[in-house]
Amino acid sequence: MIRMGVMAEIRLGTTTTASTAPGPGPASADWRMLAVALSAVFMGSFDLFVVNVATEALRAELRASDAALELVVSGYAFAYAAGLITGGRLGDRFGYRRMFVTGMAAFTVTSLLCGLARDPGQLVAGRMLQGLSAAVMVPQVLSLVTARFPAGHRGRATAWHGAVGGLGAIGGQLVGGMLLQADVFGLGWRAVFLVNIPVGVAASLAAWRLLPPLSGRRSQFDVPGALGVTATMALVLVPLALGRDEGWPPWTWLCLAAAAPVAWLTWRWQRALRVRGGEPVLNPALFGNRPYLTLLAAFGSFQLYFGSYMFTLALLFQAGLGESPLAAGALFVPQAALFSAGALASGRFTARFGRRSPAVGGLLILTGLGLMATQLTVSEGKLAGAALIPALVLNGFGNGLLNPGILGMALSKVDQGVAGSASGMLNTAQQAASSLGIALLGMLFFAASGPGLRAAHTGMVAVCAVFAGLVVVAVVLMWRASGRPAPPPPGSR
């Protein structure tokens, strides 16, 4: 991954300026700590993607509607996004190890609730609680990296962060398919959630033993700001996810109309709190940083595409191409493996191609999407899923280059005093945009695919055109931001 540049280094309650020089490497204990901490990244990614291969089983057994299927996936991402900033601040206040273990334990319990769900409503509620639990444990990972790894070595640690996320996607799709195919103990789709229980217990015990009990400086938590951000996202995402199935009743339009004033009031509160010397959840200082904002928009555009791409692809494999859950899961493996490889290679690509590196990743994705759309159109959906592997491989490697590249470039544009807030906003944008993409582009996919997804190949071709536009927007924004220097630190002029 691209080096983060100047970052906030939290070390036993103090904040210091971190040098970007490599310096002494981290101790072996820090790498063991990272391995344990990355279990949260793996599980968070695993459970976002494991449901994709179970959608048809959920439709059959629970009689889940299209909207319910979207909420099972996007509800997790929405709750994850809504809680990320709060989870990060809780780690600062109560200690990273304590909040990591608390989040992991809650994730384990909520996985059990999902596995015991008896109807779509219970499953959606369990998934949202699971997303909130992930939002408590996952932010502690980058906080621990910032606290324990010298600045010159954080690039390697954060590259592993991206690669493990890709491995979680592999595990989610493949292991989910294997569990469904094997029908372990007759549990069916429930096994994809219950498998988290032994893993979560083991990770909690290892984390309490190996993670250092570090925390940053204590500060007053901005409860109104956190509630305002969460309410704004809910007022947009919930009606978009449910509106089509419900026939767009008045409450959906009222929620969408209310989102703008709630967002405006939240922003006014954030500015007022900052003026009074408080610490808002959204740091207004970041909104004056044009390179960062440009990259935040690029990241949002990319995640609008990526979350909905993975969701609709799983539906295409099973409902459109007739693949079994295991075969569908196996089809994701080459793509996810190349995503991890791209994430690890992103730093070298940036060093070699400079400002052209986003275009390299974008070109690979556009080629893959074009190839997929052409194959589906020519064959009219009558082809084996394996025929799409070349397109999937191109997409996987391109996605791996772009995703960590945007993150690293964005963090390199901020001063160390706001690096934590900048990271929180990027993580929130990632999950919120993914959830929004599933709601909006899922709606387009279902509409173009027809009843029972009989024409899923047509739906996929339709969304591929939108995917391509979103990728182009992300690449153009990255190109523009890469030519702008980072603003000088406050007081340096």
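All values reported here derive from a predicted model rather than from experimental measurement.

1. Some points on the packing of aromatic side chains
Part 1 of the reasoning: If you walk through the whole model with that rule in mind, you get 16 aromatic pairs.
Part 2 of the reasoning: Both rings, one in Tyr309 and one in Phe467, keep their centres 5.9 Å apart while their planes meet at 85°; by these two values the pair is edge-to-face. Of this pair, Tyr309 sits in helix α12 (residues 290–320) while Phe467 sits in helix α17 (residues 456–482); the two residues are 158 residues apart in sequence, bridging distant segments of the chain. Summarising the burial analysis for this pair, Tyr309 and Phe467 share the class buried.
Part 3 of the reasoning: Here Phe445 and Phe446 contribute two aromatic rings whose centre-to-centre distance is 5.9 Å and whose plane-to-plane angle is 70°, an arrangement assigned as edge-to-face.

2. Thoughts on helix α5 (residues 120–137)
Part 1 of the reasoning: The end-to-end C-alpha separation of α5 is 26 Å, in line with the 26 Å expected for 18 residues at 1.5 Å each.
Part 2 of the reasoning: Among the residues of α5, those classed as buried are Leu123, Val124, Gly126, Arg127, Gln130, Gly131, Ser133, Ala134, Ala135, Val136 and Met137.

3. Here's the deal with the pattern of salt bridges
Part 1 of the reasoning: Evaluation of the coordinates by the stated rule reveals three salt bridges.
Part 2 of the reasoning: With its nearest N and O atoms 3.4 Å apart, the salt bridge here joins Arg59 to Glu56. Of the two residues, Arg59 and Glu56 both sit in helix α2 (residues 55–61), three residues apart, roughly one turn of that helix.
Part 3 of the reasoning: Its salt-bridge partner being Arg59, residue Asp66 comes within 2.9 Å of it at the nearest N-O pair.

4. A short note on the packing of α12 against helix α15 (residues 389–411)
To describe two helices that pack against each other, one gives the angle between their axes and the distance between the axes.
Part 1 of the reasoning: Running from amino to carboxyl end, α12 crosses α15 at an angle of 150°, the nearest separation of the two axes being 10 Å. On the basis of their axis angle, the class for α12 and α15 is roughly antiparallel. For the pair α12 and α15, the crossing hand works out as left-handed. Contacts between α12 and α15 pair Tyr292, Leu295, Ala298, Phe299, Phe302, Gln303, Tyr305, Phe306, Tyr309, Leu313 and Phe317 from the former with Leu392, Asn395, Asn399, Leu402, Asn403, Ile406, Leu407, Met409 and Ala410 from the latter.
Part 2 of the reasoning: Its residues assigned to classes, the contact of α12 with α15 shows 16 nonpolar, four polar and no charged.

About the cut-offs
Residues numbered from 1 in each chain as written. Predicted model: local features only at pLDDT ≥ 70, side-chain atom pairs only at ≥ 80, totals over all residues. Heavy atoms only, no water. Phe/Tyr/Trp six-rings, centres within 6.5 Å; stacked < 30°, edge-to-face > 60°. Helix = DSSP H or I, 4+ residues; strand = E, 2+ residues; numbered from the N terminus. Buried < 20%, exposed > 50% of the residue type's maximum accessible area, 1.4 Å probe, protein only. Expected span 1.5 Å × (residues − 1). Salt bridge = Lys/Arg side-chain N within 4 Å of Asp/Glu carboxyl O. Axes fitted to C-alpha atoms, helices over the stretch in contact; angles between N-to-C directions. Parallel < 35°, antiparallel > 145°, perpendicular 65-115°, else oblique. Left-handed = near helix turned anticlockwise from the far one by under 90°. Contact = heavy atoms within 4.5 Å. Nonpolar A, V, L, I, M, F, W, Y, C, P; charged D, E, K, R; others polar.

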